[in-house]
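Commentary on secondary and tertiary structure
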Amino acid sequence: MSRQQIVAGNWKLNGSKALINAFNEHFTHTDIPNVSIMLFVPALYAEAVDKSAFCVGVQNISEHSSGAHTGELSVAMLNDLGIKYTLVGHSERRQMYGDSNAVVAKKVSVALDADITPILCVGESLETRDAGQVNEFIQAQLDSVIELVGIAGLSRCVVAYEPIWAIGTGHTATPEQAQAVHAFIRQYIASKDAMSAQQISILYGGSVNAQTASDLFAQPDIDGGLVGGASLQQADFLTICQAANQRG
Ligand code: PGA
């Protein structure tokens, strides 16, 4: 069974209206039929993204639905604007903004209830890897979500495996390192529900670039990428999308 191939750009706290316009122009007429191309731009710019070229999403949502939460964004607001995707649990949110496993699970639940697809980010630190505890760590991150929304809920997410040591460092995981963790994630999901494991897209993130994308995407359990730095360069991002298109 072929799973959905996805390349998602995570612009983080970068970009401008001019850059969005340049991406809109560059990608509108490109022919990448086998890949869903997603752009997670700063929320202010979401409306400016050309929805015929990209699936547009935001980088974070509130677990609350409304009220006294200054600076937050609700899923109802996303729905109001036709935005159907959000990152949840990016390691920068987990490390800098207190998104614990419990908060991440709540955000996944709130998104699913609103019919918004969460890209659930998981991934270990170098310390955890050096201690030989990658699988246990990732399993705990998945378990907290499964406990709240069930395996049926998780199967409506996209999972992104992003080892923290590879994010923004230029040290891409080797295809073999990434594949090993992707296979573990898929097997763990299969132990709960075989069909969900077959269907769920699992993306790799962490210094994906125009040179490393093809070999990563050639791995059997890697269904595309979540791309930070290289997603700010139109030509590089297009090359990465084309690499996923070959696989699709
Ligand atoms: P990077 O970021 O591609 O710049 O390593 C990936 C991410 O944080 O999603």
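What counts, and at which threshold
Residues numbered from 1 in each chain as written. Predicted model: local features only at pLDDT ≥ 70, side-chain atom pairs only at ≥ 80, totals over all residues. Heavy atoms only, no water. 1 Å grid on protein atoms, 1.4 Å probe; cavity = no way out; pocket = protein on both sides within 12 Å on 5 of 7 lines; lining within 4 Å. Points joined across faces, edges and corners; volume = space filled by probe spheres on them. Helix = DSSP H or I, 4+ residues; strand = E, 2+ residues; numbered from the N terminus. Nonpolar A, V, L, I, M, F, W, Y, C, P; charged D, E, K, R; others polar. Buried < 20%, exposed > 50% of the residue type's maximum accessible area, 1.4 Å probe, protein only. Pairing = 2+ DSSP bridges. Right-handed = clockwise from strand over helix to strand, strands pointing away. Core = buried A, V, L, I, M, F, W, Y, C linked by side-chain atoms within 4.5 Å. Near = heavy atom within 4 Å. Polar contact = N/O pair within 3.5 Å; in protein donor to acceptor, adjacent residues only side chain to side chain. Areas by Shrake-Rupley, 256 points an atom, 1.4 Å probe, with all protein chains shown as cover. Sits in = over half its atoms within 2 Å of the grid points.

Quick word on the layout of surface pockets
- Space inside the largest pocket adds up to approximately 700 Å³.
- Around the largest pocket sit 27 residues that line it, and Pro 42, Ala 43, Gln 59, Asn 60 and Arg 93 are the ones nearest its centre.
- Where the lining of the largest pocket is concerned, the elements lending two or more residues are α2 (75–80) and α3 (91–96).
- Of the residues assigned to the lining of the largest pocket, the class counts are 16 nonpolar, 6 polar and 5 charged.
- Here the second largest pocket defines a volume of roughly 210 Å³.
- Lining of the second largest pocket is provided by 18 residues; of these, Gly 168, Gly 206, Ser 207, Gly 228 and Gly 229 occupy positions nearest its centre.
- Each residue belonging to the lining of the second largest pocket can be placed in one class, and the counts come to 5 nonpolar, 11 polar and 2 charged.

Examining the pairing of strand β4 (residues 85–88)
- Neither face of β4 is left uncovered, since the one carrying Tyr 85 and Leu 87 and the one carrying Thr 86 and Val 88 both have all their residues buried.
- As defined by bridge partners, strand β3 (residues 55–58) adjoins β4 across 2 bridges and the pair is classed as parallel. When the bridges of β4 are listed, Val 58 appears paired with Thr 86.
- Handedness of the crossover joining β3 and β4 through α2: right-handed.
- Sheet analysis places β4 next to strand β5 (residues 117–122), joined by 4 bridges and oriented parallel. Each residue of the ladder has a partner; that of Thr 86, found in β5, is Pro 118.

Let's talk about the nonpolar core
- Counting 69 residues, the largest nonpolar core has Leu 154, Ile 185 and Phe 217 as its most contacted members.
- If you tally residues by element for this core, the top one is helix α6 (residues 134–154), at 8 residues.
- In terms of nonpolar packing, the next biggest core, distinct from the first, is built from 12 residues, Phe 40, Ile 119, Cys 121 and Leu 226 among them.

Topic: the site of the ligand
- In the vicinity of the ligand there are 13 residues, among which Lys 12, His 90, Glu 162, Gly 168 and Ser 207 approach most closely.
- Separating an oxygen atom of the ligand from a backbone N or O atom of Gly 229 is a distance of 2.8 Å.
- Coverage of the ligand by the protein chains reaches 95% of its 280 Å² of free accessible surface.
- In a pocket analysis with a 2 Å cut-off to the grid points, the ligand is assigned to the second largest pocket.
- Across the shell around the ligand, the residue classes tally to 4 nonpolar, 7 polar and 2 charged.

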